[in-house]
2 protein chains.
Amino acid sequence: MAKIIIIGGGFGGLSFLQKARKSKNDFILIDKTNHHLFQPLLYQVATAVLSPADITVPLRNLFKNDKNVKTILSEVKEINKEKKEITLDNAEVISYDKLIISAGSSYSFFGKNEWSKFAKGLKVINDALDIREKILKAFEKAENEKDERIRKKYLNFVIVGGGPTGVELAGSIAEIAYKNMTKEFRNFSSTDANIYLLEAGDRILPSYSESLAKKSYKFLNDLGVKVMTKERVENIEEMKVTTNKQVIYADNIIWAAGNEASPLIKYLDTETDNEGRAVVNLDCSIKEDNEVYVIGDAANFKTESGESLPGIAPVAIQQGRYVAHNIKKNIEKEKRKPFRYSDKGTMATIGRFKAIGVVGNFELAGFTAWLFWSLIHLVYLIGYRSKILVAIEWIFAYFFNKRGTRLIYRDVDKN
Amino acid sequence: MAKIIIIGGGFGGLSFLQKARKSKNDFILIDKTNHHLFQPLLYQVATAVLSPADITVPLRNLFKNDKNVKTILSEVKEINKEKKEITLDNAEVISYDKLIISAGSSYSFFGKNEWSKFAKGLKVINDALDIREKILKAFEKAENEKDERIRKKYLNFVIVGGGPTGVELAGSIAEIAYKNMTKEFRNFSSTDANIYLLEAGDRILPSYSESLAKKSYKFLNDLGVKVMTKERVENIEEMKVTTNKQVIYADNIIWAAGNEASPLIKYLDTETDNEGRAVVNLDCSIKEDNEVYVIGDAANFKTESGESLPGIAPVAIQQGRYVAHNIKKNIEKEKRKPFRYSDKGTMATIGRFKAIGVVGNFELAGFTAWLFWSLIHLVYLIGYRSKILVAIEWIFAYFFNKRGTRLIYRDVDKN
């Protein structure tokens, strides 16, 4: 009977625990929040389609019947792999026999951390609510503003980074401005809004094929999004983005560019890549200790062909299950079969009714892709409650143009 | 064509506007928030049954097709009834021909405003989320705490005030502690929690009959709530409530005692009662100006028999419609029929499946009352989206013991 600590209740930690809990081990799950977050739909909380509780489940509740699973709401401050101990926020020290690190990643501002004051990233519920309130409030400020030049700044939205998150956010903000709010203001038209999607590379969605990226570009363009490629951000100040080509004044700047692995990885004293991710063995353990595993976004798993797996939910889920299998069966290092990622595809939505994606060997784009995307996400959401609530919110958002969670209740500008 | 300003988009302002908008007048609706809040269910947001967006609708969206209605998100800072002007937060001055004040009320700490730092009232969405996070976090703190005496403080909940809000909150917190969370903690049992409902008067629910109050007392008692009557709060400090009988140490102190009308009323320079409410004429206008109306919680409307109407939604709704009728038909002061409140009954829930209420001339208690309460509230919620979402959340909360909105995402203790 081993004592196993899991850091992080995201896709990796959760899928590990769901499979491993039926073994004769003691598990301690530590998370900074009290909930598992269905991250792929977080951008919909930021864009007023869903409520936070639609895509979260209390971690503690998931394991209430597993007496061998203890959940702790706390932040891990330090890992000591020599002593096999972790230290919590409140200075409590807990020892372990095996350690599973699925602590995810946060946004990286490429060394320009001062930009984070003016550009918000999207990783946790609180980020999503901050972005949501800021977007909604921009229109309210525009309505109350007499000066045309200042109003223009309120109506400019800049999204930095043309990956899936950037594309999904841009499409969704365009829907708000050009579809949902068109008749609501008296001093200006919400269609005056400008939505800029800035991508430093040659094209958006670099992880997809060129043909899918082209289709996405067309979908975004049709929606009214200004997609700017080869446009590198050089500076971000208050309400101001400077690129290699122009200056854009905007009240809303959203950062969807780089990732950085959890700072906990550095305590492992193991090889990391340029994003701070632990470079792991083929069994997901670190080189120096075969009972310390890193899975999901905090890991750089190189396949036998030398390619690094992407930081997406299916990778974390499969790695969690894989490690759980080895631990359940108590398989020793030498006898562990290498982890193999089974790529079932990825998708991204572009506004309502449009998506692009790869499913098996097929590329999909348009309404069919969107339908597929919706179904897949409903299937993967945890619990019937979330499935039902999200389906209903989508019906109102997509068929009746009603974004039900259009709530401003805090003063984000004062934060 | 008159220019009509409505201050407040609560039940009074909204029902006024819904009826008056089809007249040839210009309307300006001013609210501090961007949404109408269905206040009777706010305690369910505070106790993790509902999400904020389940019981709110964006005001602007409700009137998007009424070109003669303009919505402003702002706070009114001053009213000048001689000049017929109001001043907004941003110093903008707007003139009016007629003014409807439905600005509601806030909590009154009976002159002890320093208590508000330690005891939270429940009026707006942000209050509800603060209370929700604080309640949920108390259990998490108890789990992380080694010192038994400190843990006890975390598990004590004090609700001050035995009116409907206090009773509903106490019942709902008891459900969380004694039903929903019982198997989730490893270092203590959530059933160790103590929920105190303190009432200074002889009995709880003074606005109901003695027999219904007795039944409520029994329901609360059966749930495990410690109901203390004739217990007057003498002081509130951090984690400490002193009454005329004892000292209770508690991390969660919720204030559901006194009300105080909106501070705007004092600008009217009109007669007020001891809660700061404007004492209005039988046509809801103030004595000094028959084109300034005060409706809902900010008004003290005395019926012809000299009784003051209670501060509840049906009064505000009916007053809003009544004033709208007079304005639509352009009825002069002398010809206005006095407002008559048609009392269709009131209800309060006590945990799941139990409620008490008066419907017409009948008193109801128990499951039938609860069923009636649920149906009535679903009928009155605005929009199909809210009705459907609330019904689903209730099914999960009441039949499956799952409070779906059990989210902690901000650090309330740091506020």
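Residues numbered from 1 in each chain as written. Chains lettered and ligands numbered in written order. Predicted model: local features only at pLDDT ≥ 70, side-chain atom pairs only at ≥ 80, totals over all residues. Heavy atoms only, no water.

Asker: If you had to explain the packing of aromatic side chains to someone new, which residues and values would you point to?
Answerer: All names here are of chain A. The full count for this structure, using the stated rule, is 38 aromatic pairs over all chains. For the pair F109 and W255, a centre-to-centre distance of 4.6 Å together with 25° between the ring planes defines the contact as stacked. Of this pair, F109 sits in the loop between β10 (105-108) and α4 (125-144) while W255 sits in strand β17 (residues 252-255), placing them 146 residues apart in sequence. Taking the relative accessible area as the measure of exposure, F109 reaches 7% and is therefore buried. (Phe/Tyr/Trp six-rings, centres within 6.5 Å; stacked < 30°, edge-to-face > 60°. Helix = DSSP H or I, 4+ residues; strand = E, 2+ residues; numbered from the N terminus. Buried < 20%, exposed > 50% of the residue type's maximum accessible area, 1.4 Å probe, protein only.)

Asker: Explain the packing of helix α1 (residues 11-20) of chain A against helix α8 (residues 313-328) of chain A to me, and be specific about the residues and the numbers.
Answerer: Residues and elements named next belong to chain A. Where α1 meets α8, the axes come as close as 7 Å, and the angle between the chain directions of the two elements is 35°. The handedness of the crossing between α1 and α8 is right-handed. Contacts between α1 and α8 involve F11, G12, S15, F16, K19 and A20 from the first element and A313, A316, I317, G320, R321, V323, A324, H325, I327 and K328 from the second. Partitioning the contact of α1 with α8 into residue classes produces 9 nonpolar, 4 polar and 3 charged. (Axes fitted to C-alpha atoms, helices over the stretch in contact; angles between N-to-C directions. Left-handed = near helix turned anticlockwise from the far one by under 90°. Contact = heavy atoms within 4.5 Å. Nonpolar A, V, L, I, M, F, W, Y, C, P; charged D, E, K, R; others polar.)

Asker: Tell me what's going on with the confidence of the model for chain A, and back it up with residues and numbers.
Answerer: Put simply, chain A has an average pLDDT of 96, and 99% of its residues get 70 or more. For this predicted complex, the interface score ipTM comes out at 0.94, alongside a pTM of 0.95. (pLDDT = per-residue confidence, 0-100.)

Asker: Explain the interface of chain B and chain A to me, using residue names and the numbers behind them.
Answerer: Counting residues at the interface gives 51 residues for chain B, matched by 50 residues for chain A. Both faces considered, chain B and chain A share a buried interface measuring about 4,600 Å² in area, 52% of it formed by carbon and sulfur atoms. Of all residues in chain B, the largest losses of buried area upon contact with chain A belong to B:R60, B:R186 and B:R385, amounting jointly to 15% of the total for that side. Our count for the chain B to chain A interface comes out at 33 residue pairs in polar contact (both at pLDDT 80 or more). Put simply, the parts of the chain that give the side of chain B that touches chain A at least two residues each are β4 (56-58), α3 (59-62), β5 (69-73), α4 (125-144) and α10 (384-399) of chain B. Top contributing element to the side of chain B that touches chain A by residue count: α10(B), with 7 residues. (Buried area = accessible area lost by both parts, 1.4 Å probe. Polar contact = N/O pair within 3.5 Å; in protein donor to acceptor, adjacent residues only side chain to side chain.)

Asker: Lay out the pairing of strand β25 (residues 362-366) of chain B with the relevant residues and their values.
Answerer: Residue and element names in this part refer to chain B. Judged from the 5 bridges that link them, strand β24 (residues 355-359) and β25 form a sheet pairing that is antiparallel. Note that in β25 the partner of V358 across the bridge is E363. Once β24 ends, the chain turns through 2 residues before running back antiparallel as β25, passing G360 with a positive phi of about 60°. (Pairing = 2+ DSSP bridges.)

Asker: Which residues make up the sheet that holds strand β17 (residues 252-255) of chain B, and what values do they have?
Answerer: Residue and element names in this part refer to chain B. Ordered in space as β13-β12-β11-β17, the 4 strands form an open sheet in which the pairing is parallel. Two strands bound the open sheet, and with one partner strand each, they are β13 (226-228) and β17. Direction aside, neighbouring strands of the sheet carry axes that sit 15° apart on average. The pairing of strand β12 (residues 194-198) with β13 spans 3 bridges and is classified as parallel. Paired with Y196 across the strands is K226, a residue of β13.

Asker: Please give an account of the relation of the copies chain B and chain A that cites residues and values.
Answerer: Overlaying chain B on chain A yields an RMSD of 0.0 Å, the required transformation being a rotation through 180° with an accompanying axial translation of 0.0 Å. Here the transformation between the copies is reduced to the relation of a two-fold axis. Both copies present the same face, since 98% of the interface residues in chain B are matched by interface residues at the equivalent positions in chain A. (Least-squares fit on C-alpha atoms with pLDDT ≥ 70 in both.)

Asker: Give a description of the sheet that holds strand β12 (residues 194-198) of chain A that names residues and reports values.
Answerer: Residues and elements named next belong to chain A. As summarised here, the arrangement of the 4 strands in space is β13-β12-β11-β17, forming an open sheet in which the pairing is parallel. Each of the sheet's edge strands pairs with one partner strand only, and the pair in question is β13 (226-228) and β17. Within the sheet, the average angular offset between the axes of one strand and its neighbour, ignoring direction, is 15°. Sheet topology places strand β11 (residues 156-160) next to β12; 5 bridges connect them, and they run parallel. Its bridge partner lying in β12, V160 is registered against L198. Packed on one face of the sheet, α4 meets β11 and β17 and runs near 155° to β17.

Asker: Which residues make up the nonpolar core, and what are the values?
Answerer: Among the nonpolar cores identified, the biggest contains 159 residues, and A:I55, A:F139, A:I195, B:I55, B:F139 and B:I195 are the most heavily contacted of them. In this structure, B:L88, B:Y293, B:F301 and B:A324 belong to the second largest nonpolar core, which totals 49 residues. (Core = buried A, V, L, I, M, F, W, Y, C linked by side-chain atoms within 4.5 Å.)

Asker: So what's going on with the pattern of salt bridges? Which residues, and what values?
Answerer: All chains considered together, the criterion is met by 48 salt bridges over all chains. For A:E393, the salt bridge is made with B:R385, and the minimal N-O distance between the two is 2.8 Å. With A:E393 in helix α10 (residues 384-399) and B:R385 in helix α10, the pair connects residues from two separate chains. Here the two residues A:E393 and B:R385 agree in accessibility, since each one is buried. A salt bridge links B:D222 to B:K218, with the shortest nitrogen-to-oxygen separation between them at 2.7 Å. (Salt bridge = Lys/Arg side-chain N within 4 Å of Asp/Glu carboxyl O.)

Asker: Let's hear about the domain arrangement of chain A: which residues, and what values?
Answerer: Residues and elements named next belong to chain A. In terms of domains, chain A is made up of domain 1 (3-32 + 74-107 + 259-335) and domain 2 (113-256). Spacing between the C-alpha centres of domain 1 and domain 2 amounts to 35 Å. Facing the 4 residues of domain 1 at the interface are 6 residues of domain 2. Carbon and sulfur atoms make up 60% of the area that domain 1 and domain 2 hide from each other, which totals about 390 Å². The interface formed by domain 1 and domain 2 includes 0 salt bridges. (Domains from an automatic or database assignment.)

Asker: Residues and numbers for unusual backbone geometry, please.
Answerer: It is generally the case that most residues other than glycine have a negative phi and that most peptide bonds are trans. With a phi close to 75°, A:C284 is a non-glycine residue in the positive phi region. The topology assignment puts A:C284 in the loop between β19 (278-280) and β20 (285-286). Located in the positive-phi region is B:K230, a residue other than glycine, with phi close to 50°. Along the chain, the position of B:K230 falls in the loop between β13 and β14 (233-237).

Asker: Could you give an account of helix α6 (residues 164-180) of chain B, with specific residues and numbers?
Answerer: With 17 residues, α6(B) should reach 24 Å at 1.5 Å per residue; the first-to-last C-alpha distance of 22 Å fits that figure. For α6(B), the buried fraction is high: 14 of the 17 residues fall into the buried class. (Expected span 1.5 Å × (residues − 1).)

Asker: Residues and numbers for the environment of A:T270, please.
Answerer: Residues and elements named next belong to chain A. Note that T270 resides in the loop between β18 (258-261) and β19. Residue T270 is classed as buried on the basis of its relative accessible area, which comes to 11%. When the C-alpha atoms of T270 and V280 are compared, they prove to be 8.9 Å apart, with 10 residues separating the residues in sequence. Setting aside its immediate chain neighbours within four residues, T270 contacts A278, I286, K287 and E288. Of note is the side chain of T270, whose polar atom sits 2.7 Å from the side chain of E288.

Asker: I'd like a description of the environment of A:F399, backed by residues and values.
Answerer: All names here are of chain A. Mapped onto the secondary structure, F399 falls in helix α10. Linking F399 and F353, residues 46 residues apart in sequence, is a C-alpha distance of 9.7 Å. Ignoring anything within four residues of it in the chain, the contact list for F399 reads F353 and W394.

Asker: Summarise α10(A); cite the residues concerned and give the values.
Answerer: Structurally, the α-helix is built with 3.6 residues per turn, so residues lying three or four positions apart point the same way. Residue and element names in this part refer to chain A. Taking 1.5 Å per residue as the helical rise, α10 with its 16 residues ought to reach 22 Å, and the 22 Å between its terminal C-alpha atoms agrees with that figure. By the burial criterion, the buried members of α10 are R385, S386, L389, V390, I392, E393, W394, F396, A397 and Y398. Phi turns positive one or two residues past the end of α10, at N401, with a value near 55°.

Asker: Explain the packing of helix α9 (residues 367-380) of chain A against α10(A) to me, using residue names and the numbers behind them.
Answerer: Residue and element names in this part refer to chain A. Packing of α9 against α10 leaves a shortest axis separation of 9 Å and a crossing angle of 155°. In this view, α9 runs roughly antiparallel relative to α10, as classed from their interaxial angle. For the pair α9 and α10, the contacting residues are W370, W373, S374, H377, L378 and V379 in the first and K387, V390, A391, W394 and Y398 in the second. Looking at the contact of α9 with α10, its residues break down into 8 nonpolar, 2 polar and 1 charged. (Parallel < 35°, antiparallel > 145°, perpendicular 65-115°, else oblique.)

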